[in-house]
Amino acid sequence: MMQIDIISVVPDLLQGPFSHSILKRAHDKGLVNIDVHNLRDYAYNKHKSVDDYQYGGGSGMVMMIEPFAACIESLQEKRSYDEIIFMTPDGVTLNQSISNELSLRQSFIILCGHYKGIDQRIRDHFVTREISIGDYVLSGGELAAAVLADSVVRLIPGVLSDETSALSDSFQDGMLSAPVYTRPAEFRGMKVPDILLSGNTPEIEKWRFEQSILRTQERRPDLMK
Ligand code: 6GU
């Protein structure tokens, strides 16, 4: 079973995403366990601080090394981890191939930052990989951690059934998916393409492949090799 430990100062933000749908099913099937840890529980001084002013001056608080070190090391007493990932806008941009790679790991820790950033020594000493989810700024790493965990967990073998197979996902083969339709065959004059009602499986596959290429060329020419 895959073990994911997430360290955050706002653990409540991470309660929702993992208790529904596919992620919940993955947990119920015993394929993944996700534990969220409150960084403040590892604060060491009487004020329970997890952040402090930055050396050299400048606005914005920096997250301190001691609480992260204490939390990470207490987790490492129970097991060794394949990766310690720091969610940060200056990390490598997440893509499907990173998610595929991480879905083969046994265990990892995800660190969520806040404020101005975290003490560089945490990154130098503990972190094995830094990941961003795109070129925009979020208030903290939590939503990004949820995005990462979702994209990885759904790829664990056995999580998806046939009808939710990852094989036909957009991006899995470097292309966007073809459009999909369900009943009714006609709504306010808008018709489902005839080919999909034809029952001709090879022709349908061909149509989907063509649509997939057209969509990718039109919307994401950067993905076309
Ligand atoms: Cl991982 N963290 C934050 N705070 N903002 C982001 C991000 C991560 N990825 C994109 N924007």
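Concerning the domain arrangement of the protein chain
Turning to step 1, where the next piece is worked out: Partitioning the protein chain into domains gives domain 1 (2–153) and domain 2 (170–224).
Turning to step 2, where the next piece is worked out: Here domain 1 and domain 2 have C-alpha centroids that lie 37 Å from each other.

Quick look at the sheet that holds strand S4 (residues 61–63)
Turning to step 1, where the next piece is worked out: Reading across the sheet, the 3 strands line up as S3-S4-S7 and stay open at both edges, with mixed pairing between neighbours. Either end of the sheet is taken by a strand with one partner, and the two such strands are strand S3 (51–53) and strand S7 (117–118).
Turning to step 2, where the next piece is worked out: Sheet analysis places S3 next to S4, joined by 3 bridges and oriented antiparallel. Across the sheet, residue Asp 51 finds its bridge partner in S4, namely Met 63.

Notes on the side chain of Ser 49
Turning to step 1, where the next piece is worked out: With respect to the helices, strands and loops of the structure, Ser 49 is situated in the loop between strand S2 (32–38) and S3.
Turning to step 2, where the next piece is worked out: A polar atom in the side chain of Ser 49 sits 2.7 Å from the side chain of Asn 45.

Some details on the side chain of Gln 3
Turning to step 1, where the next piece is worked out: Note on placement: Gln 3 falls in strand S1 (residues 2–8).
Turning to step 2, where the next piece is worked out: You can call Gln 3 buried: its relative accessible area is 6%.
Turning to step 3, where the next piece is worked out: Looking at Gln 3, its side chain comes within polar contact range of the side chain of Asp 35, at 3.0 Å.
Turning to step 4, where the next piece is worked out: If sequence neighbours within four positions are ignored, Gln 3 has contacts with Asn 33, Asp 35, Arg 79, Gln 106, Ser 107 and Phe 108.

Cut-offs and rules
Residues numbered from 1 in each chain as written. Predicted model: local features only at pLDDT ≥ 70, side-chain atom pairs only at ≥ 80, totals over all residues. Heavy atoms only, no water. Domains from an automatic or database assignment. Pairing = 2+ DSSP bridges. Helix = DSSP H or I, 4+ residues; strand = E, 2+ residues; numbered from the N terminus. Polar contact = N/O pair within 3.5 Å; in protein donor to acceptor, adjacent residues only side chain to side chain. Buried < 20%, exposed > 50% of the residue type's maximum accessible area, 1.4 Å probe, protein only. Contact = heavy atoms within 4.5 Å.

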